[in-house]
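So you can see what is in the structure, the chains are spelled out below.
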Amino acid sequence: MFLALMIAVLSVQTPAPPAPEAIELAPGSRYDARIPTLQQVVGHDYGDAISSPTEIVAYLKALAAAAPDRARLVEYGRTWEGRPLVMLIVGSPERLSRLDAIKAGFRQLADPRSLAPADAERLVRELPVIVWLIHAVHGNELSSSEAAMAEAYHLLAAQGDARVATVLRDAVVLIDPLQNPDGRARFIAGNEQGRALEPDSEPASVEHDEPWPGGRSNHYLFDMNRDWLGQSQVETQARARVELEWHPQVVVDLHEMGGNSTYYFAPPAEPANPYVTARQRDWLRTFGKENARRFDARGFAFFAREVFDAFYPGYGDSWPMFQGAIAMTFEQASARGLVYRRDDDTLLTYREGVVHHFTAALATVETAASSRETMLRDYLDYRRTAVTDGEKAAVREYLVAPGADPTRAQAFGRKLVEHGIEVRRLEEPIKVGTRTMPAGTLAIAAAQPSFRLLRNLMEPDIKMDETFLKEQERRRQKRLGDQIYDVTAWSLPLLFDVDVVTSAVPVTARAAALLADGPHGSQALPPAKAAYLLPWGSETAAAVIEAVQSGVRINTGGEPFTIAGRRYDVGTAIVRVAENPPDALIRLGGIVSRHGVEVVPLDSTWVDDGMSLGSNQVTVVRKPKVVLLWDSPAQSDSAGWARFVLERRFGQPVTAVRAESLRRLDLRRYNVLVLPSGTYGAAFPEEELRRLRDWISGGGVLVTLADASRWAAGDKVGLLGTTTLMRDGQPAGADKDKDKDKDKDAKKPAPDTAKPFDYEKAIQPESELPESVPGAVMRVTIDREHWLAAGFDDEIQAVVEGPRVFSPIKLDKGRNVGVYAKKDRIVAAGFAWPPSIDLLSQKAFLVDQPIGRGHVIAFAEDPNFRAVAEATELLFINAVLLGPSR
């Protein structure tokens, strides 16, 4: 009976809503037949199919070939998977014939310190406004790449259009059609495999439902819209070079959002970054109003201000803002395919998204071109006032000491150079206050054109508006969810854990400009009769990995020691001459040269104090054989960050294994298993969990990150002898009712009717997860006696993002290698709710629990966060590299 009823119900076909009629790109426009259409080149029109990365490049090549006097296609980089990153440069024949002169002029305008007023006036009169349109940083945000091709076609083929003529005369337009070809190719592969005979509008259909990890991210599963701070990915690095080469005045980053939305453009939501100038905010409103006028004229719905902020300086719109551009995010509701049924049963087509993006982009280009001279004057003023603001700042110079790990300080300096910031390396010591800064110290002057970006990167804490925070507290109390869009702290000195000293006066010591390139060349090791010491640090770890992979035998010390009056801390690498043949030492010389690592030659291994170099506390570094769990249930960004840090940052080979294939993996062939953030109950049923325990007991090292640590600490898993805590500080899963029956016969006091009813207390839930920390940077106290702490002093900083709180492990079960600081010091930068601060204070950040001959090493947070947290990345690689030897 039930089956018959279901068949009858399913046989009733609900009529699908009619598809909207195809809308024109630019109604009334006439086009030059000599400029090829998309249909002519790739076989479909805009929005009729999802163009592949190859088709996009092919079409732009065809446009450039058809209009060589007005369009030039350049390849500005390659993705990790080898796909080209291209940009079509569009302008009048006069502009394109002088591109080198235009770029030279903008180099002068961008650095007005040596620019004479007359030359500045001439440049403002002569130069075009540079508009940079960057599309589809997220590979599954599809429509903007089709719009990019339509933008290029319209600018090159439109006839009799006065606005296009103004654009070609007064602007140079840089059209980057696809920032993430690898992600788009991944999306298309899944979409085509699941596509129905006719496009299916059902949101749950397989063609809309992307398999792990989806097409949003790049090869290493990074959200590249948040990579402008770390600039770890080759695609982001290439685009940063474009910014610093062209110095655009207008930047638009075109995205997609949920299919039930409409269209978003600037101004952005609160909170505002305090280093966005008032004039930039005026321009954001100007562009927003003109976009609104164009959308209203065509009947397109839109919104502004409500969702997307520009507080974090690492977005594709905010980073150019601090170089002086007027930078904006545009967001189109996504069809995630060719057609999408919204919740109100209307249909959103891919073509609609293309037209909306095309309309907003062209309106922006035309507004910029019509305001050419004003925009150039404002850009010049931005760069000038950045210098003068730096000259008046309380901090005139930031000084970064080499510290215990000079390679990390150098990496920090090179990162600033990649951001377009001037950094000098002192060639002589100087005195700042009572402190003497040695030669090798990095000096960063405040008085430079990128001063506002410099402040964003260097200051420990960028404050959010108090009115905004009060509103978030009101929302928190009512469980409405906060409006904090991304992280609230990002200080590079804190994340690199470098020592910064500030000076109120400029530094005049002899110095040389620091370049973005690292160490080069290869040098032989200095002569030594007995051994070489390599003080531990980030680059030492990378060098040791490379050396061990090449067959060099290296040991590390488990305790500190002193030789010739110098103290060497836990983790110091020890290379015995007698244990390595001459060719191995030759290879080691090249390796340490490339990594810029300090090498101390020893003719005798006699120590003045501490551990002897022949002690049992000295262990050989075993070659790590690493498995990284891949695919669901791992969180894709955590998996990608871990793989990138292992492979690219430290050069450690890693085997990525899908969770569903783990049971057929012979774990005995490996000595390290990394679990990215995720919940692994389905991946480790009882039999697999037993096998995992046996592997650890036999000497394996399990490294768990963030939510994977929460899984490992669960009662049913029992791999980690700590507990996760709830909002009230009680262990997760604690039975609060277990003692209720103990005194059930005891006389209860009569209720106090005179006491007013506490409504707020009455509505609080019985048990909740801790409140999520919105990306703050917190201080962590380090146990320097533990081998995991190699390369560190007593304290580091870590990014905390989420609701995880772990009780410290008991001494009979393991070691708390990293513990959050006390309440009055825990927050180094950013914002956290007061209850979160109370709960996290002195709780576990990093735990080592020995099991048999192996270890479970658990991080409360992800140490590889966006590959920008250099200090905690070293903790992670210490676990991977040193764990198997301990």
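Residues numbered from 1 in each chain as written. Predicted model: local features only at pLDDT ≥ 70, side-chain atom pairs only at ≥ 80, totals over all residues. Heavy atoms only, no water.

Caption draft 1: Representation of the pairing of strand E3 (residues 84-90). With 6 of 7 residues buried, E3 is to be regarded as a mostly interior element. In this structure, strand E2 (residues 71-78) lies alongside E3, joined through 7 bridges in antiparallel fashion. Each bridged residue has a counterpart across the sheet, and for Arg-72 the counterpart in E3 is Ile-89. The antiparallel hairpin formed by E2 and E3 contains 5 residues in its connecting segment, where Gly-82 sits at a positive phi of about 90°. Bridge count for E3 against strand E6 (residues 171-176) is 3 bridges, and the pairing is antiparallel. Across the sheet, residue Val-90 finds its bridge partner in E6, namely Val-173. (Buried < 20%, exposed > 50% of the residue type's maximum accessible area, 1.4 Å probe, protein only. Helix = DSSP H or I, 4+ residues; strand = E, 2+ residues; numbered from the N terminus. Pairing = 2+ DSSP bridges.)

Caption draft 2: Broad picture of the sheet that holds strand E17 (residues 500-503). Reading across from one edge, E17-E12-E16-E13-E18 is the order of the 5 strands in this open sheet, with antiparallel pairing throughout. Among the strands making up the open sheet, the edge pair consists of E17 and strand E18 (511-513). With direction set aside, neighbouring strand axes in the sheet form an average angle of 30°. One ladder, built from 4 bridges, connects strand E12 (residues 397-400) with E17; its direction is antiparallel. Within the sheet, the bridge partner assigned to Tyr-398 lies in E17 and is Thr-502. Against the sheet, helix H15 (residues 406-418) contacts E12, strand E13 (424-426) and strand E16 (442-445), and its axis sits at roughly 25° relative to E16. (Axes fitted to C-alpha atoms, helices over the stretch in contact; angles between N-to-C directions. Contact = heavy atoms within 4.5 Å.)

Caption draft 3: Representation of the sheet that holds strand E26 (residues 618-620) in the model. Pairing in this open sheet of 5 strands is antiparallel, and the strands run E24-E19-E23-E20-E26 from one edge to the other. Only two strands of the sheet have a single partner each, and these edge strands are strand E24 (600-602) and E26. Going from strand to strand, the sheet's axes swing by 30° on average, the running direction of each strand aside. Examined bridge by bridge, strand E20 (residues 555-557) and E26 share 3 bridges and lie antiparallel to one another. Residue Gly-557 lies in a different strand from E26, and its bridge partner there is Val-618.

Caption draft 4: Fine view of the pairing of strand E32 (residues 795-802). Burial analysis of E32 places 6 of its 8 residues in the buried class, the great majority of the element. With 7 bridges joining them, strand E31 (residues 773-782) and E32 adopt antiparallel strand pairing. Pairing of Arg-779 across the sheet is with Gln-797, part of E32.

Caption draft 5: View of the packing of helix H6 (residues 117-126) against helix H14 (residues 372-392). In the contact formed by H6 and H14, the axes pass within 8 Å of each other and the chain directions differ by 140°. Considering their axes alone, H6 and H14 lie oblique with respect to each other. You can see that H6 and H14 cross each other, and the crossing is right-handed. Residues Ala-120, Glu-121, Leu-123, Val-124, Arg-125 and Glu-126 of H6 pack against Arg-372, Glu-373, Leu-376, Arg-377, Leu-380 and Arg-384 of H14. For the contact of H6 with H14, a count of residues per class yields 5 nonpolar, no polar and 7 charged. (Parallel < 35°, antiparallel > 145°, perpendicular 65-115°, else oblique. Left-handed = near helix turned anticlockwise from the far one by under 90°. Nonpolar A, V, L, I, M, F, W, Y, C, P; charged D, E, K, R; others polar.)

Caption draft 6: Spotlight on H6. Listing the buried residues of H6 in full gives Ala-120, Leu-123 and Val-124. Each buried residue of H6 lies within a common arc of 100° when the element is viewed along its axis, so the set occupies one face. In this structure, H6 carries Ala-118 and Arg-125 as exposed residues pointing more than 90 degrees from its buried face. Along its buried surface, H6 packs onto helix H5 (99-110) and H14. (Arc of directions from axis to C-beta.)

Caption draft 7: View of the pattern of salt bridges. Under the criterion given, the structure shown has 70 salt bridges. Of the charged contacts, one joins Arg-293 and Glu-290 as a salt bridge, the two residues approaching to 2.7 Å between their closest N and O atoms. Here the residue Arg-293 and the residue Glu-290 both occupy positions in helix H11 (residues 278-298), the gap between them amounting to 3 residues, near one helical turn. Residue classification places Arg-293 among the partly exposed residues on the basis of a relative accessible area of 48%. Using a relative accessible area of 17% as the deciding quantity, one classes Glu-290 as buried. Among the ionic pairs, Glu-771 bridges to Arg-727, the shortest N-O distance being 3.9 Å. One end of the pair, Glu-771, is in the loop between helix H24 (759-762) and E31; the other, Arg-727, is in the loop between helix H23 (707-712) and H24, with 44 residues separating them in the sequence. Through salt bridges with shared partners, one network takes in Glu-141, Arg-216, Asp-223, Arg-226, Asp-486 and Arg-866. (Salt bridge = Lys/Arg side-chain N within 4 Å of Asp/Glu carboxyl O.)

Caption draft 8: Examining a positive patch on the surface more closely. Together, Arg-622, Lys-623, Lys-625, Arg-669 and Arg-853 make up a positively charged patch on the protein surface. Along the polypeptide, Arg-622 turns up in the loop between E26 and strand E27 (626-630). (Patch = residues over 30% accessible without salt bridge, like charges linked within 9 Å, V, L, I, M, F, W, Y side chains within 5 Å. Areas by Shrake-Rupley, 256 points an atom, 1.4 Å probe, with all protein chains shown as cover. Lys, Arg positive; Asp, Glu negative; His and termini not counted. Charge placed at Lys NZ, Arg CZ, Asp CG, Glu CD.)

Caption draft 9: Inspection of the confidence of the model for the protein chain at higher detail. Looking at the protein chain as a whole, the pLDDT averages 94, with 95% of positions reaching at least 70. Note that residues 1-17 has pLDDT below 50 and, in this model, 2 contacts with residues that lie over four places away or in other chains. (pLDDT = per-residue confidence, 0-100.)

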